[in-house]
Amino acid sequence: DVKVTQSSRYLVKRTGEKVFLECVQDMDHENMFWYRQDPGLGLRLIYFSYDVKMKEKGDIPEGYSVSREKKERFSLILESASTNQTSMYLCASSFMGGRKGIGYTFGSGTRLTVV
Amino acid sequence: SQELEQSPQSLIVQEGKNLTINCTSSKTLYGLYWYKQKYGEGLIFLMMLQKGGEEKSHEKITAKLDEKKQQSSLHITASQPSHAGIYLCGAHSGTYKYIFGTGTRLKVLA
């Protein structure tokens, strides 16, 4: 039973394209997150949102923007894709303050290649 | 800022062997989470530890949090190829922020 769904598993885009990565969760979580994962660098937080229309920058927001118009959907936007944005992108969601003690629920990831 | 350091970075074991992965925090932990990631996929939540000295088990995986709440270990008994993947520890760092360890790649040889 999939609870956090990322729209694409694999994506290939050209340099300069505008790229949309979509994430949908069905657990009524308040918090949603976008991470990128690169070898040797681990998981790095790009943006997160703790409520509809609210967004906060993570550790590496440059070159990215996000949108959260509905509670269940959190979109990551690459305004003008560059080759250094080739990475695995992971979406996650959680209850506020880590309540219920179940940590984050992650999507399956989107492997983006920018050529 | 708080950091989580995992060791070892990678591990190759023969099927049936026991193994331990460590996660050390630079500050006191107020909730330590363990995740497993199969190669090329998302992370799966394994378990959460909150109290000093707490220990939890799920099938053949046992996780402990030390009394000082700065170090956690993940122990796998009688490893199987299905245990292969990347294991990450995670912890809350502030109200919304969350940090992850750098991960441990586990390979189990049949």
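Above this text is the structure in question.
Residues numbered from 1 in each chain as written. Chains lettered and ligands numbered in written order. Predicted model: local features only at pLDDT ≥ 70, side-chain atom pairs only at ≥ 80, totals over all residues. Heavy atoms only, no water.

Peer 1: Describe the overall build of chain A, naming the residues involved and giving the relevant values.
Peer 2: Of regular secondary structure, chain A possesses zero helices and 11 strands. The principal-axis extents of the C-alpha atoms in chain A amount to approximately 40 × 25 × 25 Å. Expressed as a percentage of contacts within chain A between residues at least 6 apart in sequence, the contacts between residues at least 24 apart total 56%. Entry remark: accessible area of chain A is about 5500 Å², with carbon and sulfur atoms responsible for 50%. When the 17 basic and 14 acidic side-chain charges of chain A are each reduced to a single mean position, those positions are 3 Å apart. (Helix = DSSP H or I, 4+ residues; strand = E, 2+ residues; numbered from the N terminus. Contact = heavy atoms within 4.5 Å. Areas by Shrake-Rupley, 256 points an atom, 1.4 Å probe, with all protein chains shown as cover. Lys, Arg positive; Asp, Glu negative; His and termini not counted. Charge placed at Lys NZ, Arg CZ, Asp CG, Glu CD.)

Peer 1: Which residues make up the environment of K68(B), and what values do they have?
Peer 2: Summarising the element assignment, K68(B) is placed in the loop between β7 (61-65) and β8 (71-76). Sequence separation between K68(B) and G53(B) is 15 residues; the distance between their C-alpha atoms is 8.1 Å.

Peer 1: I'd love a proper account of the pairing of strand β5 (residues 42-49) of chain A, names of residues and values included.
Peer 2: All names here are of chain A. Counting buried residues in β5 gives seven out of eight residues, a clear majority hidden from the surface. Bridge analysis of strand β4 (residues 31-38) against β5 gives seven bridges, and the strand direction is antiparallel. Of the residues in β5, the one forming a bridge with F33 is F48. Linkage of β4 to β5, two consecutive antiparallel strands, is achieved through a turn of three residues, within which G40 is found at a positive phi near 80 degrees. Inspection of the sheet shows β5 paired to strand β6 (residues 56-57) by two bridges, in the antiparallel sense. The residue of β6 that forms the bridge with Y47 is K57. Where β5 folds back on β6, the antiparallel hairpin that results is connected by six residues, among which K53 adopts a positive phi of roughly 65 degrees. (Buried < 20%, exposed > 50% of the residue type's maximum accessible area, 1.4 Å probe, protein only. Pairing = 2+ DSSP bridges.)

Peer 1: Quick rundown of the state of the cysteines? Include the residues and the values.
Peer 2: All names here are of chain A. Throughout the structure, instances matching the rule amount to two disulfides over all chains. One disulfide in the model links C23 with C91; its S-S distance is 1.9 Å. Disulfide C23-C91: the torsion about the S-S bond is -75 degrees, which places it as left-handed. Taken as a pair, C23 in strand β3 (residues 19-25) and C91 in strand β9 (residues 87-94) lie far apart in primary sequence, 68 residues in all. (Disulfide = S-S within 2.5 Å.)

Peer 1: Give a detailed account of the sheet that holds β8(B), specifying residues and quantitative values.
Peer 2: All names here are of chain B. One open sheet holds the five strands; their spatial order is β1-β3-β8-β7-β6, and the pairing between them is antiparallel. Lying at the two open borders of the sheet, with one neighbouring strand each, are β1 (4-7) and β6 (55-58). Across the sheet, the mean angle separating the axes of adjacent strands is 15 degrees when strand polarity is ignored. (Axes fitted to C-alpha atoms, helices over the stretch in contact; angles between N-to-C directions.)

Peer 1: Can you explain the pattern of salt bridges? Please cite residues and give values.
Peer 2: Under the definition given, this model contains eight salt bridges over all chains. With a closest N to O distance of 2.9 Å, D38(A) and R36(A) form a salt bridge. Across the pair, exposure class does not vary: D38(A) and R36(A) are buried alike. Put simply, K64(B) and E55(B) hold a salt bridge, and the shortest N to O gap is 3.9 Å. Since its relative accessible area comes to 47%, E55(B) is described here as partly exposed. Through salt bridges with shared partners, a single ionic network connects R36(A), D38(A) and R44(A). (Salt bridge = Lys/Arg side-chain N within 4 Å of Asp/Glu carboxyl O.)

Peer 1: Break down the packing of aromatic side chains for me, citing the residues and quoting the values.
Peer 2: The final tally for this structure, using the stated rule, is 15 aromatic pairs over all chains. Where F33(A) meets F48(A), the ring centres are 6.0 Å apart and the plane angle is 25 degrees; that geometry is what we call stacked. Of this pair, F33(A) sits in strand β4 while F48(A) is found in strand β5, placing the two residues 15 residues apart along the sequence. Looking at F33(A), the relative accessible area reads 0%, which means it is buried. The class of F48(A) is buried, set by a relative accessible area of 8%. The rings of F33(A), Y35(A), F48(A), Y104(A), F106(A), Y33(B), Y35(B), F45(B) and F100(B) are connected pair by pair, giving a single aromatic cluster. (Phe/Tyr/Trp six-rings, centres within 6.5 Å; stacked < 30°, edge-to-face > 60°.)

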